[in-house]
Amino acid sequence: MNAAEANLRAAEATRIACEIEAISRVQQRCYELMRREAEQKAAEEDMSLTKQIRDRMQIRYDVGETARFELIRV
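Cut-offs applied
Positions within a chain are numbered from 1, following the residues in the order the chain's sequence is written. With the structure being a predicted model, the display of local features is reserved for residues of pLDDT at least 70 and the display and counting of side-chain atom pairs for 80 or more, all residues being used for whole-chain, interface and lining totals. Remark: hydrogens and water are excluded; side-chain values derive from all non-hydrogen atoms of the structure. We count a stretch as a helix when DSSP gives it H or I for four or more residues in a row; a strand needs E for two or more, and each element gets its number in order from the N terminus. Radius of gyration here uses only the C-alpha atoms, and the compact-globule reference equals 2.2 Å multiplied by the residue count raised to the power 0.38. When a residue's accessible area, from a 1.4 Å probe over protein chains only, is under 20% of the maximum for its type it is buried; when over 50% it is exposed; and in between it is partly exposed. All accessibility values rest on the Shrake-Rupley procedure with a 1.4 Å probe; residue burial counts only the protein chains present in the view. A residue counts as positive if it is Lys or Arg and as negative if it is Asp or Glu; His and the chain ends are not included. Here the site of a charge means NZ on Lys, CZ on Arg, CG on Asp, or CD on Glu. By definition here, a helix of n residues has an expected span of 1.5 Å times n minus one.

All right, on to the overall build of the protein chain then. The helix and strand inventory of the protein chain stands at 2 helices and 0 strands. Expected size for 74 residues packed as a compact globule is a radius of gyration near 11 Å; at 29 Å, the protein chain overshoots this value by more than 25%. Projected onto its principal axes, the C-alpha coordinates of the protein chain cover approximately 95 × 15 × 5 Å. Here the protein chain holds 74 residues, and the buried ones make up 4% of them. Accessible surface, the protein chain: about 6,700 Å² in total, of which carbon and sulfur atoms supply 58%. Averaging the locations of the 13 positively and 14 negatively charged side chains of the protein chain gives two centres separated by 4 Å.

Dropping the structure here:
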């Protein structure tokens, strides 16, 4: 009887440990997703700013204010 109760408690402890581990993995993946979304947003903002700089330099080149080298460098 005592052995059966001990096995039952051990099985329950194992179930709880698995449940906690699953919750922990879900939380970790959620935080990882949030981090990656933030990285993507930052990369999109960087790309937008880079395009704006390039467009401004293209206009300066088109009107003759700067040399082609500056446009290529940008």
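A few words on helix α1 (residues 2-62). Each turn of an α-helix holds 3.6 residues, which means side chains three or four residues apart point in the same direction. Taking 1.5 Å as the rise per residue, α1 with 61 residues should run 90 Å; its terminal C-alpha atoms sit 89 Å apart, in good agreement. Of the residues flanking the end of α1, it is G64, one or two places downstream, whose phi is positive at about 90 degrees.

What follows covers the environment of A11. Topologically, A11 is positioned in helix α1. With 15 residues separating them in the primary sequence, A11 and V26 have C-alpha atoms 23 Å apart.

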